[in-house]
Amino acid sequence: MKKASKSSSLPEKDNVMEKIVSLCKRRGFVFPGSEIYGGLANSWDYGPLGVELKNNIKQAWWDRFVHRRDDMVGIDAALIMNPKVWEVSGHLQNFTDPLVECKNCHERFRADQIDLKAPCPHCAKKNTFTEAKQFNLMLKTFLGPAEEKTNEVYFRPETAQAMFVDFKNVLDTSRRILPFGIAQSGKAFRNEITPGNFIFRTREFDLMEFEYFIPVPTREEDWQQPFEMWRKEIWAWITQDLGINKEHVHENDIEKSELAHYSKRTIDFEYDYPFGRKELYGLAYRTDFDLKRHYKEAPYKDSQTGEAFWPHAIEPAFGLDRSLLVVLLDAYTEESDGKGGERMYLKLPPRLAPYKAAVFPLLANKPELVARAREVYETLRKKYFVAWDDRGNIGKRYYAQDEIGTPFCITVDFDSLENGTVTVRDRDTAQQERVAIDGLGGYLGAKMK
Ligand code: GAP
């Protein structure tokens, strides 16, 4: 959560955004939500391939930041929390965006995202904006049958608060000592004034966040050093796990006057989207702001000195939907097919790709080929999510798998029946090699690291 900053708008690169939106719909990554009822503005549904890609990103994140670390544990908290949480955290008062309305067409805008002296971007009339009002972004609902003030609750606008509210329970049950972190991923809701740009800004989205708790810093280096550690880790995640070109991501050290109410320092990691350079992730030093507000008594006791205190928190926050969007944008590749045409493929890191491989019989009308290919498929699927395709010719099957980023296509042909090898075709190079059927599991495993 941070105050909005104005961002530069880059020219649309080869309509790549349109191509991605169309590919997502056509191949079942992301559909418009509630489409048969005319849709619901800016809501999107992940389809069969989208849910795989999204789950793979989420799992890779959990692996890197939770399972492969000794100093991190996870939680999965309720989406609707006691409304006191949002009062105490400052969200009821501060989680706002400035809103203006055009008096002519009644379209609403975020005052910090448009030029208020320019004509209305919707109806082009001049001098029609109202005074800016602070608009709270939390989505309200009621728990129980009566729509009364006392039953009012909010869908969480961030997952972070549960890490503070559950701090003592996690501490008592997991017996951690500082420094350690609590991680969570799940849905968050914000009544955004101007959602848009596909899954970039929606009113319902998935967050992956953690709070990394440290002792009370006595010198600046005490929080700066773990802050730097997370800064590097975020870069490693972006470049190694997501396979994003580092030239496409930039740090923006947020100016003091622009910091959110709880933050002493925030770095935004911004990506060069086709619609401009905008936020991808955030890294914030939240100090002891939240724990101090939630706990009257210091919740942590030093085991050596017995001294009780409120730990400080460093918070890396990652939007899952934005992660998926930048993975698609960076992976989208069009190049010459070497035969005078063009080919398009998604250069997804194999670990993130929905299917790790596709298995084909060379010919669908030769039962002995189909049977052998089916055996290969059944063996591989015990460990990997693999696709089966026996329609059309091999060229069309390659094309279809390239489009969805399947890194390897395995073809069972007549030689396979003789010598137990198959053709493995690499998505990125379009090169083929013969691999022993018995070695296929190991072959894929080595590529998945
Ligand atoms: N707990 C801190 C926090 O929530 P934030 O910068 O407001 O920080 C974290 O949000 C991340 O969530 C952002 O960096 C972005 O990736 C993602 N995000 C925020 N608002 C979003 C929205 N309306 N739609 C999709 N993703 C969003």
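Please refer to the structure placed before this passage.
As the structure is a computational prediction, the values presented were derived from the model and not from experiment. (Residues numbered from 1 in each chain as written. Predicted model: local features only at pLDDT ≥ 70, side-chain atom pairs only at ≥ 80, totals over all residues. Heavy atoms only, no water.)

## Structural notes on the packing of helix α2 (residues 48–67) against helix α7 (residues 220–241)
- Packing of α2 against α7 brings their axes to within 12 Å, and their N-to-C directions diverge by 140°. The angle between the axes of α2 and α7 places the two elements in the oblique class. Like other packed secondary-structure pairs, α2 and α7 cross with a definite hand, here right-handed. Here I57, A60, W61, R64 and F65 of α2 come into contact with α7, specifically with W230, E233, A236, W237, Q240 and D241.
- For the contact of α2 with α7, the class distribution of residues is seven nonpolar, one polar and three charged. (Axes fitted to C-alpha atoms, helices over the stretch in contact; angles between N-to-C directions. Helix = DSSP H or I, 4+ residues; strand = E, 2+ residues; numbered from the N terminus. Parallel < 35°, antiparallel > 145°, perpendicular 65-115°, else oblique. Left-handed = near helix turned anticlockwise from the far one by under 90°. Contact = heavy atoms within 4.5 Å. Nonpolar A, V, L, I, M, F, W, Y, C, P; charged D, E, K, R; others polar.)

## Digging into helix α11 (residues 394–403)
- Counting buried residues along α11, seven of its 10 residues qualify, which places the element largely inside the surrounding structure.
- By the burial criterion, the buried members of α11 are I394, R397, Y398, A400, Q401, D402 and E403.
- Among the residues of α11, the N-terminal cap falls to N393, whose side-chain oxygen and the backbone nitrogen of G395 are separated by 3.1 Å.
- Looking one or two residues past α11, G405 carries a phi angle of roughly 80°, positive in sign. (Buried < 20%, exposed > 50% of the residue type's maximum accessible area, 1.4 Å probe, protein only. Polar contact = N/O pair within 3.5 Å; in protein donor to acceptor, adjacent residues only side chain to side chain.)

## Examining unusual backbone geometry
- For the peptide bond that leads from L178 to P179, omega is -5°, which places it in the cis range.
- Along the polypeptide, P179 turns up in the loop between α6 (167–174) and β9 (180–189).
- Positive phi is not limited to glycine here, since S34 has a value of about 50°.
- Structurally, S34 is set in the loop between β1 (30–32) and β2 (44–46).
- For A430, which is not glycine, the phi torsion reads 60° and is therefore positive.
- For A430, a relative accessible area of 34% gives the class partly exposed.

## A closer look at the packing of aromatic side chains
- Throughout the structure, instances matching the rule amount to 32 aromatic pairs.
- Taken together, the ring pairs in this structure connect W61, W62, F65, F210, Y212, W230, W237, Y281 and F318 into an aromatic cluster.
- Across the ring face of F200, the terminal group of R322 is positioned such that the distance to the ring centre comes to 3.8 Å. (Phe/Tyr/Trp six-rings, centres within 6.5 Å; stacked < 30°, edge-to-face > 60°. Lys NZ or Arg CZ within 6 Å of the ring centre and 35° of its normal.)

None of the figures reported here should be taken as evidence of function without further support.
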